[in-house]
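So you can see what is in the structure, the chains are spelled out below.
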Amino acid sequence: MKKEFDFLIIGSGIAGLSYALKVAAYGKVGLVSKTVLDETNTAYAQGGISSVTYEPDSFKKHVHDTLIAGDGLCNVHAVDKVVSNAPEQINQLLSWGINFDKNKDGKFDLHREGGHSEHRILHHKDNTGAEIQRALIKEVRGHSNITLMEHHFAVEIITQHHLGRVTEPWMQDIECYGAYVLNKKTGEILTILAKTTLMATGGIGSVYQTTTNPLIATGDGIAMVFRAKGIIENMEFVQFHPTSLYNLSERPSFLITEAMRGFGGILKRNNGEEFMHEYDERGCLAPRDIVARAIDNELKNRGDEFVYLDVTHKPAEEIRQHFPNIYKKCLSFGIDITKQMIPVVPAAHYLCGGIKVDLKARSSIQQLYAVGECSSTGLHGANRLASNSLIEAVVFADAAAQDAISVIKNIELNHKIPDWNDDGTVNPEEMILITQSNKEVEQIMSKYVGIVRSNIRLTRAYDRLEVLHRETETLYQNSKVSQKICELRNKINVGYLIIKMARKRKESRGLHYNVDFPDKLMY
Ligand code: FAD
Ligand code: SIN
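Quick summary incoming for the structure in this document. Position numbers for residues start from 1 in each chain and track the written sequence from start to end. As they are written, the chains are lettered A onward and the ligands numbered 1 onward, keeping that order. Reporting of local features is limited, given that this is a predicted model, to residues whose pLDDT is at least 70; pairs of side-chain atoms are given and counted only at 80 or more, and all residues count toward the totals for whole chains, interfaces and linings. No hydrogens and no water enter the side-chain calculation; it runs on all heavy atoms of the structure.

## Things to note about the pairing of strand E2 (residues 29-32)
The alternating pattern of E2 places Val 29 and Leu 31 and Gly 30 and Val 32 on opposite faces, both of which are buried. The parallel pair strand E1 (residues 2-10) and E2, bridged by helix H1 (residues 14-23), forms a crossover whose chirality is right-handed. With four bridges joining them, E2 and strand E5 (residues 146-149) adopt parallel strand pairing. Residue pairing for E5: Leu 31 is matched across the bridge by Leu 148. For every residue, the accessible area (1.4 Å probe, protein chains only) is compared with the maximum for its type, and the residue is labelled buried under 20%, exposed over 50%, or partly exposed between those bounds. In DSSP terms, a helix is any run of H or I states spanning at least four residues, a strand is any run of E spanning at least two, and both are numbered starting from the N terminus. Assignment of crossover handedness uses the view with strands pointing away from the viewer, where a clockwise path from the first strand over the helix to the second indicates a right-handed crossover. Any two strands between which DSSP finds at least two bridges are classified as paired.

Shown next, in the form of structure tokens:
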């Protein structure tokens, strides 16, 4: 079956939904989401969204903090764009009914996180993402021009190469006409034709064993664009959040927001000693790559399974008021955080690289935009400043929307695209192969391509993944298309890209820390 839209959107997080609301007045919008609309990284965000709001904060300070975290690899134009457009996009979020907490004076209650020189994080308690997701879903559901397709899994984008119609020198001679999308309820693969397509598929955390990301974060968009030969960059920069709740039986790992350290939380060894000042003069509020590596070092040196985050010195009522969800979650495991320390470990959290885009969010493939965590705008460089990703997504969704609206009248749908040909036969009992390979990918990535890397570990990871790649491609060719086999394939593609780019970077920089390049090693 064919479907046709002016704007196709793959993904229902902050990137996809805010873009949908901006383009919907200009044409028919189709939005696909692989499960339900609110199963997204966005919905899990805790800390908040950064924007300069009041003095003494300034754009200059926010730019400076972002560049310092990015360790020399940020695109200054992207940084300027996000920082200076943030206040306007915050107003846009407010106009869509999103509530950010205010203090008694009616001013926004701003939090501070690692690497920020000022309090500049707008938040909704400790579940900012859920609040953003709630309000955006309410808005899109009420829009008559937006067709929402939940439980629809994008399998591949539809492209043609070598047409000789390149519009910008850095772009490729490839055009995108929409996507092949699996309707999970009927098993049918739809041919969705679109004048423009937006990739907004989010992160890759599920490639790792321990992650704060929901398990849908399998890097599908990045893998699809990679297979279509689009440009992918900076994949070696995977951010590990220093503090997820230590609980071996839970995947994804529950995040303990960095705002808790901004609030005064202190990292401690099992014997109660503080340790962060031994690694960085900024202590517990050093950028998160430094904190994550310090914790990793503590765990390896001491043979401990976790360190503690301690807020027991803060007033109990304030803890419950600022962090109600964390309080409840920990209490469900028998930990009263007003009286007891929280056991924490680092977990894969955020990908700084992805589908390369320009300042209009255009990918190297014509008529294909990418926004949000799957994209690489240059904002984050080698390391992301906390709470800079939600704001990046809305600013770049706005840029993509403006560009797509301006070009749409000159683009025709390509009606010559054939339907998907699926003649695979492999039965569901082969699920064991997929389950086992998934576990192997996650282990390889966590053990060899984690917070601390080395050449030998990266080579081993590459060799092991190559075997899995070969096996999985054969299985895929012979299988009926399913979400499971596609996600495994995507995870292997993403793992391959991370390893390949990590091996190519002959230095330690930002989030990429290789003990064989000790020039910038800190301990
Ligand atoms: P997502 O919100 O992840 O949405 C991706 C969408 O793509 C989903 O709807 C998914 O179903 C869909 N999708 C994926 N693949 C397919 C496919 N093949 N077919 C169809 N649909 C597909 N950032 C901050 O700035 N501040 C924070 O406080 C913060 N806290 C965080 C806390 C946690 C626990 C996590 C995990 C992340 C946090 N982040 C935070 C990061 C931030 O939440 C994400 O980077 C951001 O929400 C990504 O938004 P997105 O729209 O790009 O993708
Ligand atoms: C957090 O709340 O610590 C996460 C913030 C982020 O990832 O930006």
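Having seen it, we continue.
## Things to note about the site of ligand 1
Any residue with at least one heavy atom within 4 Å of a molecule or strand is counted as near it. Around ligand 1, the structure places 39 residues, and the nearest of them are Ser 12, Thr 42, Gly 48, Glu 373 and Ser 389. Between ligand 1 and Ser 387, the relevant distance is 3.4 Å, taken from an oxygen atom to a main-chain nitrogen or oxygen of the residue. Here a polar contact means two N or O atoms within 3.5 Å. Within protein one must be a hydrogen donor candidate and the other an acceptor candidate, and residues neighboring in sequence count only if both atoms are side-chain atoms. One of the side-chain N or O atoms of Ser 389 is found 2.7 Å from a nitrogen atom in ligand 1. Residue exposure ignores everything except the shown protein chains as possible cover, and the areas themselves are Shrake-Rupley values with a 1.4 Å probe. A total of 1,000 Å² of accessible area belongs to ligand 1 in isolation, and the protein chains cover 98% of it.

## A short note on the site of ligand 2
Lining the immediate surroundings of ligand 2 are Gln 46, Gly 47, Glu 113, His 241, Leu 255, Thr 257, Glu 258, Arg 288, His 349, Arg 384, Ala 386 and Ser 387. For ligand 2, an oxygen atom lies 2.7 Å from a polar atom in the side chain of His 241. One of the side-chain nitrogen or oxygen atoms of Arg 384 is found 2.6 Å away from an oxygen atom of ligand 2. Considering ligand 2 on its own, with 260 Å² of exposed area, one finds that the protein chains cover 93% of that surface.

## Digging into the pairing of strand E13 (residues 342-351)
The element E13 is largely enclosed, with a buried count of 10 among its 10 residues. Direction of pairing for strand E10 (residues 238-245) relative to E13: antiparallel, over a ladder of six bridges. Of the residues in E13, the one forming a bridge with Phe 240 is Ala 348. The sheet contact formed by strand E12 (residues 307-310) and E13 spans three bridges and is antiparallel. The residue bridging Tyr 308 from the neighbouring strand is Pro 343, located in E13.

## Structural notes on empty space enclosed by the protein
For each structure, a 1 Å grid was placed over the protein atoms alone; sets of points admitting a 1.4 Å probe that cannot get out are labelled cavities, open sets with protein on both sides within 12 Å along at least five of seven lines are labelled pockets, and lining residues have an atom within 4 Å of a point. Grid points are joined across faces, edges and corners, and a volume is the space filled by probe spheres set on the points. Enumeration over the complete set of coordinates arrives at two cavities of 30 Å³ or more. In this structure, the largest cavity spans a volume of roughly 50 Å³. Along the walls of the largest cavity sit Val 238, Phe 240, Asp 289, Ala 292, Arg 293, Ile 451 and Leu 511, which together make up its complete lining. Listed by contribution, the elements that provide at least two residues to the lining of the largest cavity are E10 and helix H8 (288-302). Basically, the charged four are Asp, Glu, Lys and Arg, the nonpolar ten are Ala, Val, Leu, Ile, Met, Phe, Trp, Tyr, Cys and Pro, and anything else, Gly included, counts as polar. Across the lining of the largest cavity, the residue classes break down as five nonpolar, no polar and two charged. Put simply, the second largest cavity is a space of about 40 Å³. The wall of the second largest cavity is formed by Ala 69, Gly 114, Gly 115, Glu 258, Pro 287, Arg 288, Asn 383, Arg 384, Leu 385 and Ala 386.

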